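# Fold and contact review
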Amino acid sequence: MARQRRMIVGTYNVFRHRDKPALYCAVRQDRPVPGFLEGERWDYSHTLQDMAAVPVEFRPEAAEEATRHLGFYVFHAFSQPEARLNAA
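Every chain begins its residue count from 1, and numbering advances along the sequence as written. Note on the predicted model: pLDDT of at least 70 is required for a residue's local features to be given, and 80 or more for side-chain atom pairs to be given and counted; whole-chain, interface and lining totals, by contrast, use all residues. Only hydrogens and water are set aside when side-chain values are computed; all heavy atoms of the structure are taken into account.

## Quick notes on the packing of aromatic side chains
Aromatic ring pairs: the centre-centre distance and the angle between the two ring planes describe each pair. In summary, the pairing rule links any two rings of Phe, Tyr or Trp, Trp by its six-membered ring, whose centres are within 6.5 Å, and it sorts them by plane angle into stacked for under 30 degrees, edge-to-face for over 60 and tilted for everything else. Per the stated rule, a full pass over the model turns up eight aromatic pairs. Here phenylalanine 36 and tryptophan 42 contribute two aromatic rings whose centre-to-centre distance is 6.1 Å and whose plane-to-plane angle is 70 degrees, an arrangement assigned as edge-to-face. Here the term buried applies to any residue with accessible area under 20% of the maximum for its type, exposed to any over 50%, and partly exposed to those in between, with areas from a 1.4 Å probe on protein chains only. Since its relative accessible area comes to 37%, phenylalanine 36 is described here as partly exposed. Ring geometry for phenylalanine 58 against tyrosine 73: centres 5.3 Å apart, planes inclined by 85 degrees, an arrangement best described as edge-to-face. Highlighted residues: phenylalanine 58 in the loop between strand E3 (42-48) and helix H1 (60-69) and tyrosine 73 in strand E4 (residues 73-76), separated in sequence by 15 residues. The two residues phenylalanine 58 and tyrosine 73 agree in class, both being buried. We count a stretch as a helix when DSSP gives it H or I for four or more residues in a row; a strand needs E for two or more, and each element gets its number in order from the N terminus.

## Topic: the environment of arginine 41
Relative to the elements of secondary structure, arginine 41 occurs in the loop between strand E2 (23-28) and E3. Through-space distance from the C-alpha of arginine 41 to that of lysine 20 is 9.2 Å; in sequence the pair is 21 residues apart. Ignoring sequence-local partners within four residues, the contact set of arginine 41 consists of Arg16, His17, Arg18 and Asp19. A contact between two residues is defined here by any heavy atoms of the two lying within 4.5 Å.

## Things to note about the pattern of salt bridges
Take a side-chain nitrogen of Lys or Arg and a carboxyl oxygen of Asp or Glu: if they are within 4 Å of each other, that pair is a salt bridge. Taken as a whole and judged by the stated rule, the model has three salt bridges. The salt bridge involving aspartate 43 is made with arginine 18; its shortest N-O contact spans 2.6 Å. Taken as a pair, aspartate 43 in strand E3 and arginine 18 in the loop between strand E1 (12-17) and E2 lie far apart in primary sequence, 25 residues in all. The partly exposed category is assigned to aspartate 43, whose relative accessible area is 31%. In this structure, the salt-bridge partner of aspartate 30 is arginine 28, at a minimum N-O distance of 2.9 Å.

Put into structure tokens, the structure is as follows:
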């Protein structure tokens, strides 16, 4: 039986590393953006607010836990979130 993924709680701004395009950092919109994301290595990529636009590698439970303790959630995504957004 396939495990069902939990829904996203809140809305996340997602940033993509310029030199490592599979590396992403998600920050809840109700949290401040960490300073390291405002440098030259990261670009704003997109906003996640529903499961239709979430890369398969994004784990909602891990994102909730990481943002609660660290203020951000770093993950690798090998699927193309932009393509999924445009296909919807």
